[in-house]
Amino acid sequence: MGAAPGARLGVVCAGKTYFDVLQAFADLGVSAGELADAGVRILKLGMTYPLVEETVTEFAASVGELVVIEEKRPFVETRLRGVLHEARSTVPVLGKRDRSGETLVPQAGELDASAVAPVLTRLLPALAPRVGAPRGGTRRRTLPLVQPPSRSPGYCSGCPHNRSTVVPDGALVGGGVGCHGIMYFEARNRGLRSLPPTPMGAEGVPWTGLAPFVAEPHVVQNIGDGTLSHSGTLAVRASVAAGVDITFKILYNAAVAMTGGQDVTGLMDVPAMTRALHAEGVRKIVVCAEDPKRYGRRARWAPGVEVHGATGCPRCRRSSGASPA
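Worth saying up front: this structure is predicted, and the values here are computed from it rather than measured.

1. Re the environment of Thr208
Alright, step 1. Note on placement: Thr208 falls in helix 6 (residues 205–210).
Alright, step 2. With 38 residues separating them in the primary sequence, Thr208 and Ile246 have C-alpha atoms 9.1 Å apart.
Alright, step 3. Not counting residues up to four positions away in its chain, the partners in contact with Thr208 are Ala238, Ser239, Ala242 and Val244.
Alright, step 4. Of note is the side chain of Thr208, whose polar atom sits 2.6 Å from the backbone oxygen of Val205.

Listed below in structure tokens is the structure:
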């Protein structure tokens, strides 16, 4: 759409953004039929991935400069640059940043016609004098952007993670995906020695590669009961196979609290979990319970399991000897 080959500017967009671009031009006084006079061509992508290489290379060859206008991150822009690079095209490509490296197309907030218009006026300064109230309406009022004060996240009142994420002084701790990840941001954990969080189900896995090359003898790895149930057992199995010195702290609350408190599919009770871990080859298993008596005498613990009350567990109060997985 727009000018014939040889146009000054080519605009690449897709989906809703295409209509926002047309509306932005209209608000600047350039109708769809007047795009040719403005030296603008528009390529509306019907599919953002994979890009049709012939289409984008032919379009790039027909304009002096390209700008990709898209929501959020530069998904189409990155792929377009790759295609044109392989085609040895020298047409400049703009998008999230302009030639000087300054922000051009915003990555945050809603990208509508009112946000696209300033982008177009920066690329086509001749349109700037036309900026005014949109045709057939009034200027849209926008609220000022306010930077609210920062507030560190914390656990809910009564959440067991308030206590279960506490580790011995000086311990090296690993986190992951789940509510227990809040430990990285808590004020009380400033100065905490920690490993970066892992993808869900990979808790403890980086330690199998790090352990042989660092002086640190041991790591405490937090992992939620939900993660353990669907993928974390593989991380435990890998640690056992590697023979690394690691303590998995399984945070058991019987709920997927991070996304609304759903039931954990396939969750075992604590005695059954100790038996499963023992079967995987875990050498030492300690249960730290709010009230150990609630399990009763008939609880089928794995051989050698130690059961302590929450305030009497030696492994919660001080650093224990390093115990391989």
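After that view of the structure, there is still more to cover.
2. Some words on the sheet that holds strand 4 (residues 93–94)
Alright, step 1. Across the sheet, 4 strands lie side by side as 2-1-3-4; this open sheet has parallel pairing. Every other strand in the sheet has two partners, leaving strand 2 (40–45) and strand 4 as the edge strands with one partner each.
Alright, step 2. Note: strand 1 (residues 9–14) against strand 2, 6 bridges, orientation parallel. For Val11, the partnering residue across the bridge sits in strand 2 and is Ile42.

3. So, the environment of Glu58
Alright, step 1. With respect to the element layout, Glu58 can be found in helix 2 (residues 53–61).
Alright, step 2. A C-alpha to C-alpha distance of 9.6 Å links Glu58 and Pro5, two positions 53 residues apart in sequence.

4. Observations regarding the side chain of Glu77
Alright, step 1. In this fold, Glu77 is placed in helix 3 (residues 75–86).
Alright, step 2. For Glu77, a relative accessible area of 7% gives the class buried.
Alright, step 3. At 3.1 Å, the side chain of Glu77 and the backbone nitrogen of Lys96 are in polar contact.
Alright, step 4. Excluding its chain neighbours within four sequence positions, the residues that come into contact with Glu77 are Val68, Glu70, Leu94, Gly95 and Lys96.

5. Some details on the packing of aromatic side chains
Alright, step 1. For the structure on display, the rule yields 3 aromatic pairs.
Alright, step 2. Relative to Phe19, the ring of Tyr18 has its centre 5.2 Å away and its plane inclined at 75°; by these criteria the two rings are edge-to-face.
Alright, step 3. Here Tyr49 and Phe75 contribute two aromatic rings whose centre-to-centre distance is 6.2 Å and whose plane-to-plane angle is 55°, an arrangement assigned as tilted. Here Tyr49 is found in the loop between strand 2 and helix 2, whereas its partner Phe75 is found in helix 3, with 26 residues between them in sequence.
Alright, step 4. On the basis of relative accessible area, Phe75 is assigned to the partly exposed category, the value being 48%.

The rules behind the values
- Residues numbered from 1 in each chain as written.
- Predicted model: local features only at pLDDT ≥ 70, side-chain atom pairs only at ≥ 80, totals over all residues.
- Heavy atoms only, no water.
- Helix = DSSP H or I, 4+ residues; strand = E, 2+ residues; numbered from the N terminus.
- Contact = heavy atoms within 4.5 Å.
- Polar contact = N/O pair within 3.5 Å; in protein donor to acceptor, adjacent residues only side chain to side chain.
- Pairing = 2+ DSSP bridges.
- Buried < 20%, exposed > 50% of the residue type's maximum accessible area, 1.4 Å probe, protein only.
- Phe/Tyr/Trp six-rings, centres within 6.5 Å; stacked < 30°, edge-to-face > 60°.

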